[in-house]
Amino acid sequence: MASTILLRHARVFNGKTMLDGPLSVLIEDNKISRVAADESFAGFQGTQFNMSGKTIMPGLIDCHVHLCYTASGDPSADGKKMGPAQLTLTALKNAQATLRGGVTSVRDCGGRDYLEFAVRDAINAGEFSGPTIYASGKIICMTGGHGHSHGRIADGVEEVRKAVREQIHAGCDLVKIMATGGGMTPGGNPEDAHYSAEEMASGVHEAHRFHRRTASHAQGTEGILNAVNAGIDSIEHGIFLTDECIDKMLSAGTYVVPTLAALHNIMQLPADYDGPKVPDFILDKCRRVALAHSASIKAFYAAGGKLAMGTDAGTPHNKHGRNAEELRFMCANGISNLHALRIATYNGADLMGLAMHGLIEPSYMADILIVNGDPSEDIEMVANTDNHNMVIKAGRIVQSVITA
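Sequence order as written defines the numbering, with residues in each chain counted from 1. Thresholds applied to this predicted model are a pLDDT of at least 70 for local features of residues and 80 or more for the giving and counting of side-chain atom pairs; totals over whole chains, interfaces and linings are not thresholded and use all residues. Side-chain metrics rest on all non-hydrogen atoms present in the structure, leaving aside hydrogens and water.

Visitor: Help me understand the packing of helix H4 (residues 157–170) against helix H5 (residues 197–209), please; the structure alone is not making it clear to me.
Guide: Axis angle and axis distance: for two packed helices, these are the angle between their axes and the distance between the axes, and together they describe the pair. Orientation is described by axes fitted as lines to C-alpha atoms, over the contacting stretch for helices, and by angles from 0 to 180 degrees between their N-to-C directions. What counts as a helix is a DSSP run of H or I of at least four residues, what counts as a strand is a run of E of at least two, and both are numbered from the N terminus. Viewed as axis vectors pointing N to C, H4 and H5 meet at an angle of 30°, and their least axial separation amounts to 8 Å. Accordingly, the angle class assigned to the pair H4 and H5 is roughly parallel. Crossing geometry of H4 relative to H5 is assigned as right-handed. Between H4, through Val157, Val160, Arg161, Val164, Arg165 and Ile168, and H5, the contact on the second element is made entirely by Glu198, Glu199, Ser202, Gly203, Glu206, Ala207 and Arg209. Each residue gets one label: Ala, Val, Leu, Ile, Met, Phe, Trp, Tyr, Cys and Pro are nonpolar, Asp, Glu, Lys and Arg are charged, and the others, such as Gly, are polar. In terms of residue class, the contact of H4 with H5 is made up of five nonpolar, two polar and six charged. For classification, angles of less than 35 degrees are called roughly parallel, those exceeding 145 degrees roughly antiparallel, those between 65 and 115 degrees roughly perpendicular, and all remaining angles oblique. Working rule for handedness: look at the near helix, and if it is turned counterclockwise from the far one by less than a right angle, call the crossing left-handed; if clockwise, right-handed. We call two residues contacting when some pair of their heavy atoms lies within 4.5 Å.

Visitor: Would you mind going over the nonpolar core with me for this structure?
Guide: What tends to happen in soluble globular proteins is that the nonpolar side chains get buried as a cluster. With 70 residues, the main nonpolar core has Leu60, Met200, Ile235, Met249 and Leu327 as its most contacted residues. Look past the residues within four positions of methionine 249 in its chain and what remains in contact with it is Ile224, Val228, Ile235, Leu241, Thr254, Tyr255, Val256 and Phe300. Among buried residues, the Ala, Val, Leu, Ile, Met, Phe, Trp, Tyr and Cys ones that are joined through side-chain atoms within 4.5 Å form a nonpolar core. Per-residue accessibility, obtained with a 1.4 Å probe over protein chains only, is compared with the maximum for each type, and a residue is labelled buried under 20%, exposed over 50%, and partly exposed between these values.

Visitor: What exactly am I supposed to notice about the sheet that holds strand S7 (residues 103–108) here?
Guide: Strand pairing in a sheet is mediated by backbone hydrogen bonds. Such pairs are either parallel or antiparallel. Any two strands between which DSSP finds at least two bridges are classified as paired. The sheet built from three strands is open, its strands ordered S6-S7-S8 with parallel pairing. The outermost strands of the open sheet, each flanked by one partner alone, are strand S6 (60–65) and strand S8 (132–135). Direction aside, neighbouring strands of the sheet carry axes that sit 15° apart on average. With four bridges joining them, S6 and S7 adopt parallel strand pairing. Bridge pairing in S7 links aspartate 62 to valine 106. Relative to the sheet, helix H3 (residues 115–124) contacts S7 and S8, its axis offset from that of S8 by approximately 150°.

Visitor: Explanation requested: the pairing of S7 in the structure shown.
Guide: Successive residues of a regular strand alternate their side chains across the two faces of the sheet. Burial within S7 is extensive, with six of its six residues counted as buried. Pairing of S7 with S8 involves four bridges; the strand directions are parallel. Note on S8: the bridge partner recorded for serine 105 is threonine 132. Consider the strands pointing away from the viewer: the crossover is right-handed when the path from the first strand over the helix to the second runs clockwise. Taken together, S7, H3 and S8 form a β-α-β motif whose crossover is right-handed.

Visitor: Can you walk me through unusual backbone geometry in this structure?
Guide: Note: most peptide bonds trans; most residues except glycine with negative phi. The residue after glycine 21, namely proline 22, is reached through a cis peptide bond having omega 10°. Checked against the element boundaries, proline 22 lands in the loop between strand S1 (5–12) and strand S2 (23–28). The backbone of aspartate 312 shows a phi angle near 65°, a positive value even though the residue is not glycine. Assignment of secondary structure puts aspartate 312 in the loop between strand S15 (306–307) and helix H10 (325–332). Phi angles above zero are rare outside glycine, and serine 363 is one such case at about 80°.

Visitor: Even after reading the chapter, I still don't get the pairing of strand S18 (residues 396–400), so can you show me in this structure?
Guide: Inspection of the sheet shows strand S17 (residues 388–393) paired to S18 by four bridges, in the antiparallel sense. Directly across from isoleucine 392, in S18, lies its bridge partner isoleucine 397. Between S17 and the antiparallel strand that follows it, S18, lie two residues; alanine 394 among them carries a positive phi value of about 50°.

Visitor: Help me understand the side chain of threonine 315 in this model?
Guide: Take threonine 315: it is sitting in the loop between S15 and H10. For the purposes of these results, a polar contact is taken to be a pair of N or O atoms within 3.5 Å, where, inside protein, one atom must be able to donate a hydrogen and its partner to accept one; residues adjacent in sequence count only when each atom of the pair is a side-chain atom. Side-chain polar atoms of threonine 315 contact the backbone oxygen of aspartate 312, separated by 2.8 Å.

Visitor: Could you clarify how one ought to interpret H4 in this entry?
Guide: Side chains that are three or four residues apart share a direction in an α-helix, a result of its 3.6 residues per turn. By definition here, a helix of n residues has an expected span of 1.5 Å times n minus one. With 14 residues, H4 should reach 20 Å at 1.5 Å per residue; the first-to-last C-alpha distance of 20 Å fits that figure. Buried within H4 are the following residues: Val160, Arg161, Ala163, Val164, Gln167 and Ile168. The arc that holds every buried residue of H4, seen down its axis, measures 160°, which confines them to one face. Along H4, the residues that are exposed and aim more than 90 degrees away from the buried face are Glu158 and His169. Packed against the buried residues of H4 are strand S9 (140–141), strand S10 (152–153), strand S11 (174–178) and H5. This arc is taken over the directions from the axis of the helix to the C-beta atoms.

Visitor: Help me understand H10 in this model?
Guide: Counting buried positions along H10 gives six out of eight residues, so the element sits mostly inside the fold. Along H10, the positions that sit buried rather than exposed are Glu325, Glu326, Leu327, Phe329, Met330 and Cys331. Immediately beyond the C-terminal end of H10, within one or two residues, lies glycine 334, with a positive phi of roughly 100°.

Visitor: Got a minute to help me understand the packing of helix H6 (residues 221–230) against helix H7 (residues 243–252) in this structure?
Guide: Where H6 contacts H7, the axes come no closer than 10 Å and their chain directions differ by 15°. Judged by the angle between their axes, H6 and H7 are roughly parallel. As H6 packs across H7, the resulting crossing turns out to be left-handed. Here H6 contributes Thr221, Ile224, Leu225, Val228 and Asn229 to the contact with H7, which in turn contributes Glu244, Cys245, Lys248 and Met249. Its residues assigned to classes, the contact of H6 with H7 shows five nonpolar, two polar and two charged.

The following block contains the structure:
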């Protein structure tokens, strides 16, 4: 059971800003009870940790993962070799690695035959350790569209509406609709719009009618505009943003989830990797869009657009548990350290609709990451998991390198 824990004398990033301090944080059961100067806790006799020189912050929130993907050079091929039992266990293993890496909540943006729902339900019920999981179920795509080998293929306004209803019936937390082509589907062009404006509007409206948030894989400009005009809640990737796209997204409050780690890891072969090679068609497309992706995210950020962290973990060489590296890529792309921290915590909770998550404040869920130093000065304190000291999920210590 969760217990009372006092984290003493630390810097605190509360999800929005660095607080004046040092401060101490009291956890009771699964929630944050109090944030105050250390002298306020004189005489405390329970479990306590001296966090001097460290920073207490909300657990990271990754708004774009694929728990059933293996992160090998060709995860699609891996998936075809695995049966339902192995896919389910893979999703559980990946979820637990994600939590150990400091990520306390995720959105799974496309699984396999709803197998990830069993993992979600077991973890969310406390039967296994892992991050809070929101899952989209099957991606919805057109005939021959991005992800068609494992998605729900739907063509036309009525069929898209039916596909959304199927995901809701299966128990999805959000609905993901593929607005454009993508990098990992043979023959697909990231610049091409797939669903028409009418099809997108049908799917988004139906999801919202049943109180589900929506996400759209959207890389090319026309597809992005179709999704934004339909009222989509988040654009995933956002590679070819134009001024028109950005203006409309600012007006609508649309989030972008950049997934910078996905392109980076596909194009940077790990020195010790000896698994399946990334197919050439994927590499070719990633090289073609890399500069546009960087420019688009810089422009959206400079305009004051809403960003949430996402990694696309599970795609080639993009390992679950290394999700925190996305903060390094965000900062290398011109995002300030403090904004990157907010993007990776409070903004993620806001996008997901995770009530009482993403802040270090009384009554909020005690999902907490404690790191060395000051990440507002050095983002590597978060991006490099070697600098993580403790992960707390719902008031329970799940990973720690320090003792009481």
